[in-house]
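# Residue-level structural notes
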Amino acid sequence: MKKVRKAVSRGDKSLAEKREALAPQYTLEHLVRERYPRFGDALGDLDDALSLVHLFATLPAEGPVDAERTERCRRLGLEWQYYVARSHCLSKVFVSVKGVYFQAEVQGQPITWIVPHSFTQVGGGGEGGREER
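A few points on the structure. (Residues numbered from 1 in each chain as written. Predicted model: local features only at pLDDT ≥ 70, side-chain atom pairs only at ≥ 80, totals over all residues. Heavy atoms only, no water.)

### Thoughts on a positive patch on the surface
As a reminder of what qualifies: Candidate patch residues must exceed 30% relative accessible area and have no salt bridge, after which like charges are joined if within 9 Å and Val, Leu, Ile, Met, Phe, Trp or Tyr side chains if within 5 Å. Note on areas: Shrake-Rupley with a 1.4 Å probe; residue coverage comes only from the protein chains shown. Any carboxyl oxygen of Asp or Glu within 4 Å of a side-chain nitrogen of Lys or Arg constitutes a salt bridge here. Within this scheme the basic residues Lys and Arg register as positive and the acidic residues Asp and Glu register as negative, but His and the chain ends are omitted. Taken as the charge location is NZ of Lys, CZ of Arg, CG of Asp or CD of Glu. The helix and strand labels rest on DSSP assignments: H or I over at least four residues marks a helix, E over at least two residues marks a strand, and numbering proceeds from the N terminus.
A surface patch of positive charge is lined by K2, K3, R5, K6, R10, K18 and R19. Sorting the residues of the positive patch by element identifies α1 (2-10) and α2 (13-22) as the ones contributing at least two each. Counting residues per element, the positive patch draws most heavily on α1, at five residues. Structurally, R5 is set in helix α1.

Written as C-alpha cells, this is what we have:
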C-alpha cells in the first residue's frame, strides 16, 4: 500500500492500479479453522453471536448502525429461529426483564441466546419514560 500511495502522489495512476492489483489478498479462513477445528467448537461460541445478532436487529438504523446491517441481522435472526423450529431442538424458554431467553440443543451442544423485548429504542421523555408536567 505504501508503493501504491507513492505512485498516486506522483500522479502515475497506471502504476498505482497495477500495484494495487498485485497486492496480496488476505483471507481469515486459516484463523477460523485454527480456533474452531471442529463444528462442535464453533457451536460452543454461538451464544454471544446470536445474542448480538438479535440485539442489532432491534436497534434503530441511525449513527454507526445502518439500515442494511439492521436488516441483515433481522434476517439472520429469523433464519436461525426457522432452523430451530424446523429441527425441533428448542428445549427451554424463559421470559425476563432483559428479554426472552431461549435454549436449544444443536448436535448435543446447548446454545442459549437472548432476544430483547421489542420496545422502541429511540430515546425521549424524562427519567424512566415518565413525562414531567
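### A closer look at the sheet that holds strand β3 (residues 109-116)
Rule in force here: Two strands form a pair only when DSSP identifies at least two bridges running between them. Between N-to-C directions, angles cover 0 to 180 degrees, with each direction set by a line fitted to C-alpha atoms, over the stretch in contact for helices. Contacts are assigned to residue pairs with any non-hydrogen atoms lying within 4.5 Å of each other.
If you trace the three strands from one edge of the open sheet to the other, you get β1-β2-β3, paired in antiparallel fashion. Of all strands in the sheet, those bounded by a partner on one side alone are β1 (90-95) and β3. Within the sheet, the average angular offset between the axes of one strand and its neighbour, ignoring direction, is 15°. With five bridges joining them, β1 and strand β2 (residues 99-106) adopt antiparallel strand pairing. The partner of V95 across the bridge, within β2, is V100. Sheet strands in contact with helix α6 (residues 67-87) are β1, β2 and β3, and its direction is about 135° off that of β3.

### A few points about the environment of Q103
Note the threshold: Exposure categories follow from relative accessible area, calculated using a 1.4 Å probe and restricted to protein chains: below 20% of the type maximum is buried, above 50% is exposed, and the middle band is partly exposed.
The residue Q103 is located in strand β2 in this model. Judged by its relative accessible area of 18%, Q103 falls in the buried class. Each C-alpha atom, one on Q103 and one on I114, is 8.9 Å from the other, the two residues being 11 residues apart in sequence. When residues no more than four places from it in sequence are discounted, the contact partners of Q103 are C89, L90, S91, K92, P110, I111, T112 and W113.

### Section: the pattern of salt bridges
Enumeration according to the criterion identifies four salt bridges in this entry. Salt-bridge contacts for R35 lead to D45; the nearest nitrogen and oxygen are separated by 3.4 Å. With R35 in helix α3 (residues 29-35) and D45 in the loop between α4 (39-44) and α5 (46-58), this pair connects stretches of sequence that are 10 residues apart. A salt bridge links R75 to E79; the nearest nitrogen and oxygen atoms lie 3.0 Å apart. Placement of both R75 and E79 in helix α6 is noted, with a separation of four residues, approximately one turn of the helix. For E79, a relative accessible area of 41% corresponds to the partly exposed category.

### Observations regarding the pairing of β2
Two faces, one strand: in a regular strand the side chains alternate between the faces of the sheet. Following β1, the chain reverses through three residues before pairing antiparallel with β2. Looking at chain direction, β2 and β3 are connected through eight bridges and run antiparallel. Counterpart to F102 in the pairing with β3 is W113. Adjacent in sequence and paired antiparallel, β2 and β3 are bridged by two residues, among which Q107 carries a positive phi angle near 50°.

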